[in-house]
Amino acid sequence: MDVIRTAIGLMSGTSMDGIDVALIRTDGRGFIERGPFMGVPYDADFRGQLKRALELSLPLSDRSERPAELRDIELELTLRHAIAVTAFMGRFELSTDGVDVLGFHGQTVLHRPDEGLTIQIGDGPELARRTGISVVYDMRANDMVHGGQGAPLVPAYHAALAGKFQQQGQAVCFVNIGGISNLTFIGTDGRISAFDSGPGNTLIDQWVEMQTGRTYDPGGQIGGRGKVVASLAERYLDNPFFRGNVRRSLDRGDFATLRPEEASLEDGARTLAHVAAASIIKSANFLPETPAIYIVCGGGRLNATVMAEFSAMAERLGSKVLTAEEAGFDGDAMEAEAWAYLAVRSLDGLPLTFPGTTGVDAPVSGGVLATA
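Going by the annotation in an unreviewed UniProt entry, the name recorded for the protein chain is Anhydro-N-acetylmuramic acid kinase, with Rhizobium brockwellii given as the source organism. Among the UniProt annotations of the protein chain, the heading Sequence similarities (unreviewed entry) holds the following wording: "Belongs to the anhydro-N-acetylmuramic acid kinase family." We quote the UniProt Function (unreviewed entry) comment for the protein chain here in full: "Catalyzes the specific phosphorylation of 1,6-anhydro-N-acetylmuramic acid (anhMurNAc) with the simultaneous cleavage of the 1,6-anhydro ring, generating MurNAc-6-P. Is required for the utilization of anhMurNAc either imported from the medium or derived from its own cell wall murein, and thus plays a role in cell wall recycling."

Colleague: Could you give an account of the overall build of the protein chain, naming the residues involved and the relevant values?
Modeller: Within the protein chain one finds 13 helices and 13 strands. Relative to the 2.2 N^0.38 estimate, which gives 21 Å for 372 residues, the radius of gyration of the protein chain is 19 Å and therefore close to what a compact globule would have. Each of the three principal axes of the protein chain carries a C-alpha extent, and together these read 55 × 50 × 40 Å. Relative to its full complement of 372 residues, the protein chain shows a buried share of 56%. By sequence separation, contacts in the protein chain at least 24 residues apart represent 70% of the contacts at least 6 residues apart. Computed over 33 positive and 47 negative side-chain charges, the separation of the two mean positions in the protein chain equals 3 Å.

Colleague: Which residues make up the pairing of strand β10 (residues 192-199), and what values go with them?
Modeller: Counting buried positions along β10 yields seven of eight residues, so the element is predominantly enclosed. Where strand β9 (residues 180-186) folds back onto β10 in an antiparallel hairpin, the turn is made up of five residues, including G190, whose phi is positive at roughly 85°.

Colleague: Break down the nonpolar core for me, with residues and values.
Modeller: The biggest cluster of nonpolar side chains holds 42 residues, and the ones touching the most others in it are V175, Y294 and F310. Among the secondary structure elements, those contributing two or more residues to this core are β8 (172-177), β9, α7 (202-212), α9 (230-237), α10 (265-284), β11 (293-297) and α11 (304-316). Here this core takes 10 residues from α10, the largest share from any one element. Within the second largest apolar cluster, 36 residues are counted, among which are L10, M38, L54 and L127.

Colleague: Explain the domain arrangement of the protein chain residue by residue, including any values.
Modeller: According to the domain assignment, the protein chain contains domain 1 (5-152 + 331-370) and domain 2 (155-323). On a C-alpha basis, the centroid separation for the pair domain 1 and domain 2 is 23 Å. Between domain 1 and domain 2, the residue contacts involve 29 residues of the former and 32 residues of the latter. Of the roughly 2,200 Å² buried between domain 1 and domain 2 on both sides combined, carbon and sulfur atoms contribute 57%. Counting the contacts that link domain 1 with domain 2 gives three salt bridges. One salt bridge in this structure joins E209 and K51, with 3.0 Å as the shortest N-O distance.

Colleague: I'd like a rundown of the side chain of T358, residues and numbers included.
Modeller: Secondary-structure assignment places T358 in helix α13 (residues 355-358). Of note is the side chain of T358, whose polar atom sits 2.6 Å from the side chain of D143. Each residue touching T358, except ones within four places of it in the same chain, is listed here: D143, G148, Q149, G150, A151, P152 and T353.

Colleague: Quick rundown of helix α1 (residues 44-57)? Include the residues and the values.
Modeller: With 14 residues, α1 ought to run about 20 Å at 1.5 Å a step, and its terminal C-alpha atoms sit 20 Å apart, in line with that. What α1 keeps buried is the set F46, R47, L50, A53, L54, L56 and S57. Take α1 and look down its axis: the buried residues cluster within an arc of 165°, on one side only. Residues of α1 that are exposed and point over 90 degrees away from its buried face: A44 and D45. Packed against the buried residues of α1 are α2 (68-91), β5 (107-112), β6 (117-121) and α7. Measuring from the backbone nitrogen of D45 back to the side-chain oxygen at the start of α1 gives 3.1 Å, which picks out D43 as the cap.

Criteria and cut-off values
- Residues numbered from 1 in each chain as written.
- Predicted model: local features only at pLDDT ≥ 70, side-chain atom pairs only at ≥ 80, totals over all residues.
- Heavy atoms only, no water.
- UniProt positions renumbered as here; feature names shortened; annotations may be inferred.
- Helix = DSSP H or I, 4+ residues; strand = E, 2+ residues; numbered from the N terminus.
- Rg over C-alpha atoms; globule rule 2.2 N^0.38 Å.
- Buried < 20%, exposed > 50% of the residue type's maximum accessible area, 1.4 Å probe, protein only.
- Contact = heavy atoms within 4.5 Å.
- Lys, Arg positive; Asp, Glu negative; His and termini not counted.
- Charge placed at Lys NZ, Arg CZ, Asp CG, Glu CD.
- Pairing = 2+ DSSP bridges.
- Core = buried A, V, L, I, M, F, W, Y, C linked by side-chain atoms within 4.5 Å.
- Domains from an automatic or database assignment.
- Buried area = accessible area lost by both parts, 1.4 Å probe.
- Salt bridge = Lys/Arg side-chain N within 4 Å of Asp/Glu carboxyl O.
- Polar contact = N/O pair within 3.5 Å; in protein donor to acceptor, adjacent residues only side chain to side chain.
- Expected span 1.5 Å × (residues − 1).
- Arc of directions from axis to C-beta.

See the structure below:
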């Protein structure tokens, strides 16, 4: 009989806006019981430190290398995760002996899949020491050792959630619109394909912050007042990424943000929302079949302008678009839940990635265990 464990997942994504904390009970296979979720936002000063960490990581070629300043930021990130776990457990009246493992993503500061290099800062042993709970961390590296892109890792969880749609004979595609967007396709035959699809919120967030000081476009309101600048949209969508037959994972620096003189605030936000939506459709052309349903999770599902653009494009191709909530899930919690699920799979030596998701040579497990 498969062992059911209680796991907490911790996600700090490319948007660098905070820590998502979610609890599930799972056997790392088909049994998933979703529990509570909590978001812990970063303050502006720490977001600035994380941006500094991106700069400090640019010259690195060894994923274990930590210059002194980067090490300090890593420790601060780890402490904030420990505080988030403590707050989460206090809010939901959980005890340390009632949680088997933490799935710790850390913060990606460099991702160069073509060089076999990915760096996530976050000290797993220190987090285990401070929380009193064992931690599985560094889950991307082993995939790259075996020829994979190191991303995306969430598809194993998406596939576990897709069961009810498969029972209805429908091909389903999960779309995570985070800083970078990614797709997980589960075909009518159960086949899994997954890859990054293009820029998601990152370009919009960078543009709005540069122009207004806000960190994002709330609800897509700014973009909703603008119009698409066709020449700028075409420049993004003509990127070689959308033409290659080999899918690869993306870094937030792969697409440059607009320059201030190129558009008004509103037109820039609308154009980048259009790019975020069109990127998904262009990348979906590489799927084995057209999805019957797209299920959208991640922060981008809250941007009404992105969602309107995407829904219209998908419907023209005969596909229906649902938010995670409309499909019966929690779009805010899904990535953190996935990291909890992956931690349990790691404990059992089960694959985290597959040839159809990251391009790895064969299904492979991963992660490093730090015991409490």
